[in-house]
Amino acid sequence: MDVVLSVLKPKTTHVSQPYSSQLYEILLLDSKTPPGEKVKPAKYMPMFPTSAIDEEPRELVLTQLHKLTGIKGERALQLNWKQESSGSSRESLSQFSLFFVPVGVNERISKKVLEQAQNSPAFYPLEYVIEAINNNSVQFPSPTKTFLLHLESWLREKHQTATTVECLFRPRAEFRVHMTVHNPVFIPSRISTNGEVSASTKTAPFPPKIQLTANEALANMLSIEKCDIVVMNPLFGSGLPYKTKVNRYEINQYWPRVPDYNSITVPSQPPPEPRWRDKYPVHAYAAEGDHTEVEILLKQGYKHSQLDSNMWAPIHYAAWYGNVPVVETLLAAGCSPNLCDGKMTTPLHIAAHKGLPQLAQCLLRRPDINTSLRDKEGKRPIEICLSVSDKTSRHEQVEQQLREASSRPSLIIEVFLMDNSSKTLQLTSGFKTTVEQLNQQMMKEFNLPKSYTDVFTLWICSKSLELQLKLEHEVVKELRIWQKRCVNMLTEANPSEEEPTLTWRKNVKVSVEKEKKLQHPKALDLLFHEAYHNYISGLYPCDVKDVTFATIIFTLQNQGTSNIKSVLSNLSNSKLKELIPSAMLRMKDSSHWVNKIGKEYGNFKDMTKQQLKSQFLGSCQKLSAYGSAFFTGNIMSQLRKSSTSHTQCYVGVNEIGIHIINIQSKQMVQSLEYREITWKHILEKSLLEVKIIKPESRNQRIPSTRGIIEIRTRQAGLIDHLMQQLSHKHEEQVLR
């Protein structure tokens, strides 16, 4: 005779609800290498052999359960399932006895048992187990399936009778007596001051109310032992009249009328929970390869990308079983070929794992396919092909398809933002997709109104060069020529180190006045991250005494922190580098900056995040270099006839004028408005010559100069062109 144990753990709400498999968890074991024929690993219920079953088998069952799993059950109840049917399937299982063993809500399998056990005992949601039986997604021995389905039916029946389930999972009588704190059986000395119990007691720590009651009971018992006579009832022998007070009463609606018991009907059995294929019909037909039914269901409104309880979408089932027509149907309906399951596996990963060249070809034809996605183990599809253990010619064919696909230019493109996040966009016109088309996609991504169309645009950025693209530029073409043409022509940098990236940022031609009118939260976020990037990089030189910027950033980083003094005292140099540009940080020691930030913190601590970002932007907009496009070059400045200087600088150009910043010190060398200068581009010398007009000669027809600044850079033509465009806008604004 074999005893099979159905060990069930309830959730806290199981008593107050009608039956649902979601209310329970069941203990199952794993069969690693079962004897006999070679089969797949399966899950089964705990069992043990015995010669006979006693009239009271509780101790035998609970003892064996503890040996197998380390769990102490509440009671053991034998289920007479064999009496329900005389079918052959039941008769073949006559050697088994099925016992129901309830355990407490907080029952856990000890780490020691888990480390030593070979069969990996664990609790699984009963809902998952029943669903796995219905869709055959997990291997179960045939007897285990029968017992589990019978157990579910039995539980549903018990839920229909009031208080039955509550009694099944009620703690054992001896435990309830032990917890009766007024009973001398209760031993309060086992309770420590922190609520823990001694090693001999396996109960959980006692709540404070029980501790207090138990200790008071102990004190009373000790005091009684020292007395000759104790009168426990204060009214005993007093002769005083006593009237019982009713705390609560309920009115019987049938009294004195007697109900008609013949008209009372027992509620019918609730309908069974839907099977997996009834709950997920698209998934089921996708697994079966019926693309016609899949198409019909999709037209009826079923979702093509819904994940089931196994975290698989229909396309994963179709891919797993090699049903290419179904995959094509789902893709045509709008399903992404890059859709991931719960383990970050895409259909292309499945094609690589199973060696399905037709499936791989179907997926790789899609323009938006991404062959570089990694699963939960960090593997790309081609790496799965290379590492598969039972590699065949079909795997080699898929590998070749992936190599050919990876060598083709991708029809999707990644656009970065100034906070280092990115968006993946489709090249809607292939390799001729323009900046304007990608800008429209980005506007939709952030749900920005049409009035914001010219506020942001695409830039190509690399280590030594940043250029704003024109709306008609073809993005793929510009990226291809960047290193060989743009970097070679406009810088002296090594092209191999100038990897280009697309960045969506502020249009340099947008005025500060227009910026100040923007209200959309996402637009303000984008402007904030760009302003912060330029500030912390030293491109917005500001007064050393001004720590407003640093304080705002500090407040943003520590919103919700209660102990700000502790955070300030622990500010290290590495943390300060996130608040203050490195060049400014070197001018004073860290304690100086900490004190300054601490004094100004009170001005910003009550602001919201959006208010802080707006305040930061407002402070940046007051700086002369704000909103500039930055170039690099060397300047030769002649401030006197006998005095020249040579400095490697950033050259910032915005609507105000030109701003020259020392690359090493990040200090402003010159900041000149358009009305203070004239300039010309000398092409043959790669030179931009800037003449500074004397203040007293600004109103004269022929201005005299008080200095010449020569900017030697291959980017001189770009600087000249941008200055001409922005100076005209500046004049128009002045005239207004």
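Bear in mind the structure is a predicted one, so any value in this text is a computation, not a measurement.

Reading guide: rules and limits
Residues numbered from 1 in each chain as written. Predicted model: local features only at pLDDT ≥ 70, side-chain atom pairs only at ≥ 80, totals over all residues. Heavy atoms only, no water. Helix = DSSP H or I, 4+ residues; strand = E, 2+ residues; numbered from the N terminus. Buried < 20%, exposed > 50% of the residue type's maximum accessible area, 1.4 Å probe, protein only. Contact = heavy atoms within 4.5 Å. Areas by Shrake-Rupley, 256 points an atom, 1.4 Å probe, with all protein chains shown as cover. Salt bridge = Lys/Arg side-chain N within 4 Å of Asp/Glu carboxyl O. 1 Å grid on protein atoms, 1.4 Å probe; cavity = no way out; pocket = protein on both sides within 12 Å on 5 of 7 lines; lining within 4 Å. Points joined across faces, edges and corners; volume = space filled by probe spheres on them. Nonpolar A, V, L, I, M, F, W, Y, C, P; charged D, E, K, R; others polar. Expected span 1.5 Å × (residues − 1). Arc of directions from axis to C-beta. Patch = residues over 30% accessible without salt bridge, like charges linked within 9 Å, V, L, I, M, F, W, Y side chains within 5 Å. Lys, Arg positive; Asp, Glu negative; His and termini not counted. Charge placed at Lys NZ, Arg CZ, Asp CG, Glu CD. Pairing = 2+ DSSP bridges. Axes fitted to C-alpha atoms, helices over the stretch in contact; angles between N-to-C directions. Parallel < 35°, antiparallel > 145°, perpendicular 65-115°, else oblique. Left-handed = near helix turned anticlockwise from the far one by under 90°. Phe/Tyr/Trp six-rings, centres within 6.5 Å; stacked < 30°, edge-to-face > 60°. Lys NZ or Arg CZ within 6 Å of the ring centre and 35° of its normal. Core = buried A, V, L, I, M, F, W, Y, C linked by side-chain atoms within 4.5 Å.

Draft legend 1. The overall build of the protein chain, seen in detail. Secondary structure summary: the protein chain contains 28 helices and 19 strands in total. Within the protein chain, the proportion of its 736 residues that are buried is 41%. Pairs at least 24 residues apart make up 62% of the contacts formed inside the protein chain by residues separated by at least 6 positions. Counting only carbon and sulfur atoms, one obtains 50% of the accessible surface of the protein chain, whose full area is about 42600 Å².

Draft legend 2. Inspection of the pattern of salt bridges at higher detail. According to the stated counting rule, one finds 20 salt bridges in the structure shown. Lys506 is the salt-bridge partner of Glu515, the closest N and O atoms lying 3.3 Å from each other. Relative accessible area serves as the criterion here: at 2%, Glu515 is assigned to the buried category. Note that Glu689 is salt-bridged to Lys680, the shortest N-O span being 4.0 Å. For Lys680, a relative accessible area of 45% corresponds to the partly exposed category. Among the charged side chains, a salt-bridge network with shared partners connects Arg374, Arg380 and Glu383.

Draft legend 3. Spotlight on empty space enclosed by the protein. What the rule picks out here adds up to three cavities of 30 Å³ or more. Reported here for the largest cavity is a volume of approximately 90 Å³. The element contributing the most residues to the lining of the largest cavity is helix α21 (residues 521-536), with four residues. For the lining of the largest cavity, the per-class residue count stands at seven nonpolar, three polar and three charged. Empty space within the second largest cavity amounts to approximately 60 Å³.

Draft legend 4. Expanded view of helix α17 (residues 393-407). The terminal C-alpha atoms of α17 lie 21 Å apart, and with 15 residues this matches the ideal 21 Å at 1.5 Å per residue to within 8%. For α17, every residue scored as buried is listed here: His395, Val398, Glu399, Gln401, Leu402 and Ala405. Seen end-on, α17 carries its buried residues on one side only, within an arc spanning 160°. Those residues of α17 that are exposed and angled more than 90 degrees off the buried face are Ser393 and Ser407. Elements in contact with the buried residues of α17: α14 (347-354), α15 (357-364) and α16 (381-387).

Draft legend 5. Spotlight on a positive patch on the surface. A surface patch of positive charge is lined by Lys545, Lys588, Lys596 and Lys599. Mapped onto the elements of the fold, Lys588 is located in the loop between α25 (582-585) and α26 (590-600). We classify Lys588 as partly exposed; its relative accessible area is 42%.

Draft legend 6. Expanded view of the pairing of strand β17 (residues 677-682). Pairing geometry for β17 and strand β18 (residues 687-693), over six bridges, is antiparallel. By the bridge assignment for β18, Lys680 is matched with Glu689. Taking the residues that link successive antiparallel strands as the turn, the β17-β18 hairpin has four residues, and the phi of Ser686 there is positive, at about 50°.

Draft legend 7. Structural detail: the environment of Glu377. In this fold, Glu377 is placed in the loop between α15 and α16. Sequence-wise, Glu377 and Lys343 are 34 residues apart; in three dimensions their C-alpha atoms are separated by 8.4 Å.

Draft legend 8. Structural context of the side chain of Ser6. In this structure, Ser6 sits in strand β1 (residues 2-10). Aside from chain neighbours lying at most four places away, what touches Ser6 is Met45, Leu98, Phe99, Phe100, Val101 and Leu151.

Draft legend 9. Here's a closer look at the packing of helix α22 (residues 548-557) against helix α27 (residues 609-621). Running from N to C, α22 and α27 point in directions that differ by 160°, and their axes come no closer than 10 Å. In terms of orientation, α22 and α27 fall into the roughly antiparallel class. The interaxial crossing formed by α22 with α27 has left-handed handedness. Counted together, Thr548, Phe549, Ile552, Ile553, Thr555 and Leu556 of α22 and Lys609, Leu612, Lys613, Gln615, Phe616, Ser619 and Cys620 of α27 form the full contact between these two elements.

Draft legend 10. Quick peek at helix α5 (residues 142-159). Compared with the 26 Å implied by 1.5 Å per residue over 18 residues, the 26 Å span of α5 between its first and last C-alpha is a close match. For α5, the set of buried residues is Thr144, Phe147, Leu148, His150, Leu151, Glu152, Trp154, Leu155, Arg156 and His159.

Draft legend 11. The arrangement of the sheet that holds strand β9 (residues 422-426) in detail. Taking strand neighbours across the sheet as the criterion, the five strands line up as β9-β8-β12-β10-β11 in an open arrangement whose pairing is mixed. In this open sheet, the two strands that pair with only one neighbour each are β9 and β11 (466-468). Here the average twist between neighbouring strands, direction ignored, is 35°. With six bridges connecting them, strand β10 (residues 456-461) and strand β12 (residues 501-506) associate as antiparallel partners. Counted as the bridge partner of Ile460 is Leu502 from β12. This element, helix α19 (residues 475-490), spans β8 (412-416), β10, β11 and β12 of the sheet and lies at about 50° to β10.

Draft legend 12. Layout of the packing of aromatic side chains. Counted according to the given criterion, the structure contains 19 aromatic pairs. Considering the side-chain rings of Phe549 and Phe616, the 5.6 Å spacing of their centres and the 85° angle between planes classify their relative orientation as edge-to-face. A residue pair is termed long-range when its members are at least 10 positions apart, and Phe549 in helix α22 and Phe616 in helix α27 qualify at 67 residues. Each of the two residues, Phe549 as well as Phe616, counts as buried. Members of the aromatic cluster, joined through ring pairs, are Tyr19, Tyr24, Phe100, Trp154 and Phe169. Seen from the ring of Trp459, Arg505 lies directly overhead, with NZ or CZ sitting 4.2 Å from the centre.

Draft legend 13. Molecular detail of the pairing of β10. With six of six residues buried, β10 lies mostly within the body of the structure. Strand direction decides the pairing type here: β10 and β11, joined by three bridges, are antiparallel. Paired with Ile460 across the bridge in β11 is Leu467.

Draft legend 14. Molecular detail of the nonpolar core. Among the nonpolar cores identified, the biggest contains 93 residues, and Trp504, Tyr540, Leu579, Phe616, Val653, Ile658 and Ile711 are the most heavily contacted of them. Among the elements that take part in this core, α21 stands out by supplying eight residues, more than any other. Setting aside chain neighbours within four positions, we find Ile711 in contact with Asn634, Ile635, Val651, Ile658, Ile660, Ser686, Leu687, Leu688 and Val690. Counting 33 residues, the second largest nonpolar core, distinct from the first, contains Val326, Leu348, Ala351 and Leu363.

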